[in-house]
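Reading the structure
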Amino acid sequence: MLSFAEAARNPTLHGEEPARLARHGVSGLLVPATFEEAFYRQNNLPERLGRLFAPIRPARIDEDALEPLTAQAQALIRTSYLLDDAVQHFHRALRAAGLDHTPLHARRPGTLHAESAPHQPPGTHASGTAALQAVKRLWAHDWSFDAVLERLDSAGSVGLDARPTLLLPGPPGRSNPDHAADLGEATALVSDLGLTGLP
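In short, a report on the structure. Everything numeric here is computed off the predicted structure, so don't read it as measured data.

Calculation criteria
- Residues numbered from 1 in each chain as written.
- Predicted model: local features only at pLDDT ≥ 70, side-chain atom pairs only at ≥ 80, totals over all residues.
- Heavy atoms only, no water.
- Buried < 20%, exposed > 50% of the residue type's maximum accessible area, 1.4 Å probe, protein only.
- Phe/Tyr/Trp six-rings, centres within 6.5 Å; stacked < 30°, edge-to-face > 60°.
- Helix = DSSP H or I, 4+ residues; strand = E, 2+ residues; numbered from the N terminus.
- Axes fitted to C-alpha atoms, helices over the stretch in contact; angles between N-to-C directions.
- Parallel < 35°, antiparallel > 145°, perpendicular 65-115°, else oblique.
- Left-handed = near helix turned anticlockwise from the far one by under 90°.
- Contact = heavy atoms within 4.5 Å.
- Nonpolar A, V, L, I, M, F, W, Y, C, P; charged D, E, K, R; others polar.
- Patch = residues over 30% accessible without salt bridge, like charges linked within 9 Å, V, L, I, M, F, W, Y side chains within 5 Å.
- Areas by Shrake-Rupley, 256 points an atom, 1.4 Å probe, with all protein chains shown as cover.
- Salt bridge = Lys/Arg side-chain N within 4 Å of Asp/Glu carboxyl O.
- Lys, Arg positive; Asp, Glu negative; His and termini not counted.
- Charge placed at Lys NZ, Arg CZ, Asp CG, Glu CD.

In this model, Asn44 sits at a positive phi of 55°, which is unusual for a non-glycine residue. The class for Asn44 is partly exposed, based on a relative accessible area of 36%.

Below is the structure:
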């Protein structure tokens, strides 16, 4: 897990958005793609998802057959577990970033879709659990009907590569063209707390 400033040192690996956010003074946490890869590997998800979608033929997609499979895939992601060591690492990273007892949201770099985690009382692991659940809901979104259909249409496969996840304080931002223009950016997401994204 990296701060945005740390992630900015290797934009090839972590993407440009964390670096651009860091330049504008936005703090947050980047969950690297390797964390998601480990989650998929430990739960044998590539093989299980491959079996689930085996009946789907990319050359002739039966959307009625695809829809229930995507719901099952999303449930599989949401109900699979991370190993205790990974969970503890996630909790420690949240604490170090000052995100352990605050509402936050998870979003993929360069995208708009976000999942929120509400404020949780201090002195418990509830906030870390809520944040982790938001991350898993975000990962499950990759298996929504529209996302899977788009991959089948564009790549001929349901497969996808792991990607980084951003954790930012407060609620998700909304597109603000005036703020984007002031920053010289194409798109800026802004919440009540200020800038939350430059996808």
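Another point: the packing of aromatic side chains. One pass over the structure, following the stated rule, counts five aromatic pairs. Note on Phe35 and Trp139: the rings are 6.3 Å apart at their centroids and 55° apart in plane angle, and the pair reads as tilted. Linking Phe35 in helix H4 (residues 33-42) with Trp139 in helix H8 (residues 126-141), this pair joins segments that are 104 residues apart in sequence. The exposure class assigned to Phe35 is buried, which follows from its relative accessible area of 9%. Between Phe39 and Trp139 the ring centres are 5.1 Å apart and the planes differ by 45°, which places this aromatic pair in the tilted class.

With that out of the way, let us pick up the packing of helix H6 (residues 63-79) against helix H9 (residues 145-155). As a packed pair, H6 and H9 sit with axes 9 Å apart at the nearest point and diverge in direction by 125°. What the angle tells us is that H6 and H9 run oblique. Relative to H9, H6 is oriented so that their crossing is right-handed. On H9, the residues touching Glu63, Leu66, Glu67 and Thr70 of H6 are Phe145, Val148, Leu149 and Leu152. Along the lines of polarity and charge, the residues of the contact of H6 with H9 split into five nonpolar, one polar and two charged.

To continue, consider a negative patch on the surface. On the surface, Asp62, Glu63, Asp64, Glu67, Glu150 and Asp153 cluster together to form a negatively charged patch. Of all the secondary structure elements, the ones that give two or more residues to the negative patch are H6 and H9. Looking at which element gives the most residues to the negative patch, the answer is H6, with three residues. Locating Asp62 in the fold gives a position in the loop between helix H5 (45-52) and H6. By relative accessible area, which is 44% here, Asp62 ends up partly exposed.

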